[in-house]
Amino acid sequence: MATFLGIPFGSKYPSTQKYEDKINKLTSNFERFTEFKTSPLLARFYELDQLVHSGEFEKKVQNLKHLKFKNSEEWRQLDQYKALKSSSDIKTYLKFIKIGKLKRMEQIAASPIFEEFQTLTDYINSAEFHAVKAAKGFKNSEAYQKYQRYKTLKKDTDLKFYHKTIRSNQYKTVINLKDSDRLNTFFQLEAVVQSQTFLDQKAFLEDKKRFEKSEEAALINEYKTLEKNEEIKWFLQIQKTKPFEELKKWDLTFQDDFDQLKLNESKWMTGYYWGKALMNDNYVPASEYQMFTDLNVEIRNSILKIITRKESINGKCWDTTHGFIDKSFEYTSGLISTGQSFRQQYGLFEAKVKFDQTFPAVNAFWLVGEKQTPHIDIFKTAFTRNNAIECGLYNGSTKLTKTVKGATFTNRYYIYSLEWTKEALIWRINGVEVWRQTDNVPQEPMYLSLCTILPTEPTKMHLPAEMEIDWIKCYQKK
């Protein structure tokens, strides 16, 4: 039995539609699973699941069913608040604040007159002042004027109030209590016991039906409701069966569903990479009978078509003796590649492809690097008249190929894929492994190419012929 991405199949090559549907369903479910995994609904379910099954929560439920207001946390808060409120120091503080004494003291302390008086007081008590006072001409000095100003300010109503108050026991009590933990605790408790939440909780604890009305009962009911939620039930079942273990190993690095009206030029170029790189023009090897043109690549109904036609055209070919030379061609075809936009070393490369004719046309999906070799044929229909395709690896002087049979490949879509690791190349058709190669595995980034070529003149071939590409996807191991 063949498996791919966790999907089992019993036949040689499963139906492409069924295989793709299963892949799409698996991918869709994985996206659904991944998205739901971070959803607030699931987070809430897990939060409640942990909460309602915790020993602390269960203990609280039991307490709610048996406790009364007396000796409850709320009762203790109220009792502590009343005790603090009736204490002499806090009563003094509250009275002092209520009649505005503290505010007046703070305003006086921040006033210019207070600052001036403090400065003058320091001066009057200084040795400098006493020296001037003891000398002749004191009454005509600046020190005398300051002394007179000091005596005037000393009679100021606010300053007299300030100095009288600051010496009082009440003020000392207020200052000692201000910003203390004791006072902060009192105000915190006051805010609590006067809050609607506290009053509601007090009423709740005094209610014989307090548990049924409690938050804990509501949380239990919410949890039971979420337990029955179909999306959560589906998620938990999927989590047990773990169908996405293979999918989770891969990141999508390249994709084209050909949904645009024309070829996406940011992804694809038409023609061999070196022709565009060296002379910004198409060319073909001298041994091929077709010339590549942009007009032989079409997109319709989200399908890319590479069309091979019989038509005369002039173009360039590469001759190993003379280099690039002009040549007349009687046939045209198309090639697309990611030579200028996307290259990848290792990963999964796959495309859904259909071709209507083979011999002598070579329909191919292949990978190649900066040079002609190494070169990997994910599939090609090279020189075969029967229902067979080839997988191939070309590495310098080494040529390794595998002829694959077992299905009618013409006029039918199949998903051709290559899994490439450092150690091996694995070819699959509709998820079924058809060849594995561990020798001469390339170790350099490569780009994608799809094309149809004519290595011999197609005198008996029905033209135009088409190769259709529904989509292409590339992945890389995380």
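Residues numbered from 1 in each chain as written. Predicted model: local features only at pLDDT ≥ 70, side-chain atom pairs only at ≥ 80, totals over all residues. Heavy atoms only, no water.

Examining the overall build of the protein
Move 1: Scanning the protein from N- to C-terminus turns up 16 helices and 20 strands.
Move 2: Taken over C-alpha atoms, the radius of gyration comes to 45 Å for the protein, far larger than the 23 Å a tight globule of 478 residues would show.
Move 3: In the protein, buried positions account for 44% of the 478 residues.
Move 4: With 73 positive and 62 negative side-chain charges, the protein shows a separation of 10 Å between the mean positions of the two kinds. (Helix = DSSP H or I, 4+ residues; strand = E, 2+ residues; numbered from the N terminus. Rg over C-alpha atoms; globule rule 2.2 N^0.38 Å. Buried < 20%, exposed > 50% of the residue type's maximum accessible area, 1.4 Å probe, protein only. Lys, Arg positive; Asp, Glu negative; His and termini not counted. Charge placed at Lys NZ, Arg CZ, Asp CG, Glu CD.)

Thoughts on the sheet that holds strand β13 (residues 375–380)
Move 1: Strand order across the open sheet formed by 7 strands is β4-β10-β19-β12-β13-β14-β15, with antiparallel pairing between neighbours. Where the open sheet ends on each side, the last strands, each with one partner, are β4 (269–270) and β15 (398–404).
Move 2: Sheet analysis places β13 next to strand β14 (residues 389–395), joined by 4 bridges and oriented antiparallel. Its bridge partner lying in β14, Lys380 is registered against Glu390. (Pairing = 2+ DSSP bridges.)

Regarding unusual backbone geometry
Move 1: Residue Pro374 is reached from Thr373 by a cis peptide bond, and omega for that bond is 0°.
Move 2: Within the secondary structure, Pro374 is located in the loop between β12 (362–368) and β13.
Move 3: Of the consecutive residues Leu463 and Pro464, the connecting peptide bond is found in the cis state with omega at 5°.
Move 4: Looking at where Pro464 falls in the secondary structure, it is placed in the loop between β19 (447–453) and β20 (465–477).
Move 5: Of note, Asn71 is a non-glycine position whose phi angle comes to about 75°, a positive value.
Move 6: In this structure, Asn71 sits in the loop between α3 (55–66) and α4 (73–86).
Move 7: By relative accessible area, Asn71 is classed as partly exposed at 49%.
Move 8: Phi angles above zero are rare outside glycine, and Asn280 is one such case at about 50°.
Move 9: Secondary-structure assignment places Asn280 in the loop between α16 (273–279) and β5 (284–285).

Concerning helix α1 (residues 16–37)
Move 1: Between its first and last C-alpha, α1 extends 30 Å over 22 residues, near the 32 Å set by a 1.5 Å rise per residue.
Move 2: Buried residues of α1: Thr16, Tyr19, Glu20, Ile23, Leu26, Asn29, Phe30, Phe33 and Phe36, and no others. (Expected span 1.5 Å × (residues − 1).)

Quick word on helix α7 (residues 112–124)
Move 1: Between its first and last C-alpha atoms α7 spans 18 Å; for 13 residues at 1.5 Å apiece the expected length is 18 Å, and the two agree.
Move 2: Phe114, Phe117, Leu120, Thr121, Tyr123 and Ile124 are the residues of α7 that are buried.

Concerning the pairing of β14
Move 1: The buried fraction of β14 amounts to 6 of the 7 residues, a majority that puts the element mostly inside the structure.
Move 2: With 7 bridges connecting them, β14 and β15 associate as antiparallel partners. Residue pairing for β15: Gly392 is matched across the bridge by Thr401.
Move 3: Hairpin connection, β14 to β15: the antiparallel pair is bridged by 2 residues, and Gly396 has positive phi, about 70°.

Brief notes about the confidence of the model for the protein
Move 1: With 97% of its residues at a pLDDT of at least 70, the protein reaches an overall mean of 90.
Move 2: Within the model, the stretch residues 1–11 combines pLDDT values under 50 with 31 contacts to residues more than four positions away or in other chains. (pLDDT = per-residue confidence, 0-100. Contact = heavy atoms within 4.5 Å.)

Brief notes about the packing of aromatic side chains
Move 1: Summed over all chains, the structure comprises 33 aromatic pairs.
Move 2: Arranged with centres 6.1 Å apart and planes meeting at 55°, the rings of Phe96 and Tyr171 form a pair that is tilted. Remark: Tyr171 occurs in helix α11 (residues 169–177) and Phe96 occurs in helix α5 (residues 88–98); sequence separation between them is 75 residues. Both residues of the pair, Phe96 and Tyr171, count as buried.
Move 3: Their ring planes at 50° and their centres at 5.7 Å tell us that Tyr273 and Tyr447 sit as a pair that is tilted. Here Tyr273 is found in helix α16, whereas its partner Tyr447 is found in strand β19, with 174 residues between them in sequence.
Move 4: Three or more aromatic residues joined by ring pairs make a cluster, and in this case those are Tyr13, Phe355, Phe379, Phe409, Tyr414 and Tyr416. (Phe/Tyr/Trp six-rings, centres within 6.5 Å; stacked < 30°, edge-to-face > 60°.)

Here's the deal with a positive patch on the surface
Move 1: Together, Lys133, Lys151, Lys155 and Lys160 make up a positively charged patch on the protein surface.
Move 2: Secondary-structure assignment places Lys155 in the loop between α9 (142–154) and α10 (157–166).
Move 3: Residue Lys155 is classed as exposed on the basis of its relative accessible area of 66%. (Patch = residues over 30% accessible without salt bridge, like charges linked within 9 Å, V, L, I, M, F, W, Y side chains within 5 Å. Areas by Shrake-Rupley, 256 points an atom, 1.4 Å probe, with all protein chains shown as cover. Salt bridge = Lys/Arg side-chain N within 4 Å of Asp/Glu carboxyl O.)

Side note on the packing of α7 against α10
Move 1: α10 packs onto α7 with a crossing angle of 70° between their chain directions and a minimal axis gap of 10 Å. Relative to α10, the element α7 lies roughly perpendicular. The interaxial crossing formed by α7 with α10 has right-handed handedness. Every residue of α10 that contacts α7 at Ile113, Phe114, Phe117 and Gln118 is listed here: Leu159, Tyr162 and His163.
Move 2: Taken together, the residues that form the contact of α7 with α10 break down as 5 nonpolar, 2 polar and no charged. (Axes fitted to C-alpha atoms, helices over the stretch in contact; angles between N-to-C directions. Parallel < 35°, antiparallel > 145°, perpendicular 65-115°, else oblique. Left-handed = near helix turned anticlockwise from the far one by under 90°. Nonpolar A, V, L, I, M, F, W, Y, C, P; charged D, E, K, R; others polar.)

A look at the packing of α7 against α9
Move 1: Packing of α7 against α9 leaves a shortest axis separation of 10 Å and a crossing angle of 130°. Between α7 and α9, the interaxial angle falls into the category oblique. Of the two possible hands of crossing, α7 and α9 adopt the one that is left-handed. Across the interface between the two elements, Ile113, Glu116, Phe117, Leu120, Thr121, Tyr123 and Ile124 from α7 touch Ala143, Lys146, Tyr147, Arg149, Tyr150, Leu153 and Lys154 from α9.

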